[in-house]
Amino acid sequence: MDTFFYHSVNVATTVKLNTGEVGVVSQVFPGFPLRPIVRVIKNPAGEELKSPYEIDLRKEMNITIVKAV
């Protein structure tokens, strides 16, 4: 098992989501270290988005961080 899941993420950490998208952590919440707001910057094909958007992982429970990149 990847030890990443035992640690919190920090603002500006680049992460890969289970959706295949890549994003940058923009806000971390006390008590929810693995459910931050992530600014999605690449689609699942690895292409940079022209219009990045944010996902609040506290609200999108089906989306998770799979690793830091």
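All values reported here derive from a predicted model rather than from experimental measurement.

**Topic: the overall build of the protein**
Alright, step 1. Regarding its fold elements, the protein presents zero helices and five strands.
Alright, step 2. Going from the N terminus to the C terminus, the protein shows its helices and strands as β-β-β-β-β.
Alright, step 3. In the protein, buried positions account for 30% of the 69 residues.
Alright, step 4. In the protein, 40% of the contacts between residues at least 6 apart in sequence involve partners at least 24 apart.
Alright, step 5. Summed over its atoms, the accessible surface of the protein is roughly 4400 Å², and 54% of this surface lies on carbon and sulfur atoms.

**Some words on the side chain of Asp56**
Alright, step 1. Here Asp56 shows up in strand S4 (residues 48-56).
Alright, step 2. Not counting residues up to four positions away in its chain, the partners in contact with Asp56 are Phe29, Arg35, Pro36 and Ile37.

**Here's the deal with the nonpolar core**
Alright, step 1. Listed in full, the ten residues of the largest apolar core are Val9, Val15, Leu17, Val25, Val38, Val40, Ile55, Leu57, Ile63 and Ile65.
Alright, step 2. Those elements giving two or more residues to this core turn out to be strand S1 (14-17) and strand S3 (32-42).

**Side note on the side chain of Glu21**
Alright, step 1. Examined against the element boundaries, Glu21 turns out to sit in the loop between S1 and strand S2 (22-29).
Alright, step 2. Of the side chains with opposite charge, Lys16 lies nearest to the buried Glu21, which makes no salt bridge, at 11 Å.
Alright, step 3. A polar side-chain atom of Glu21 sits 2.6 Å from a polar atom in the side chain of Thr19.
Alright, step 4. Separated by 2.3 Å, the side chains of Glu21 and Tyr53 make a polar contact.
Alright, step 5. When neighbours within four sequence positions are excluded, Glu21 is seen to be in contact with Val15, Lys16, Val40, Lys42, Asn43, Pro44, Tyr53 and Ile55.

**Let's talk about the pattern of salt bridges**
Alright, step 1. Overall, the coordinates contain one salt bridge when judged by the stated rule.
Alright, step 2. Ionic pairing is found between Arg58 and Asp56, a salt bridge with its closest N-O pair at 2.8 Å.
Alright, step 3. Take Arg58: its relative accessible area is 34%, and that puts it in the partly exposed class.
Alright, step 4. Exposure remark for Asp56: the relative accessible area of 13% places this residue in the buried category.

What counts and how
- Residues numbered from 1 in each chain as written.
- Predicted model: local features only at pLDDT ≥ 70, side-chain atom pairs only at ≥ 80, totals over all residues.
- Heavy atoms only, no water.
- Helix = DSSP H or I, 4+ residues; strand = E, 2+ residues; numbered from the N terminus.
- Buried < 20%, exposed > 50% of the residue type's maximum accessible area, 1.4 Å probe, protein only.
- Contact = heavy atoms within 4.5 Å.
- Areas by Shrake-Rupley, 256 points an atom, 1.4 Å probe, with all protein chains shown as cover.
- Core = buried A, V, L, I, M, F, W, Y, C linked by side-chain atoms within 4.5 Å.
- Lys, Arg positive; Asp, Glu negative; His and termini not counted.
- Salt bridge = Lys/Arg side-chain N within 4 Å of Asp/Glu carboxyl O.
- Polar contact = N/O pair within 3.5 Å; in protein donor to acceptor, adjacent residues only side chain to side chain.

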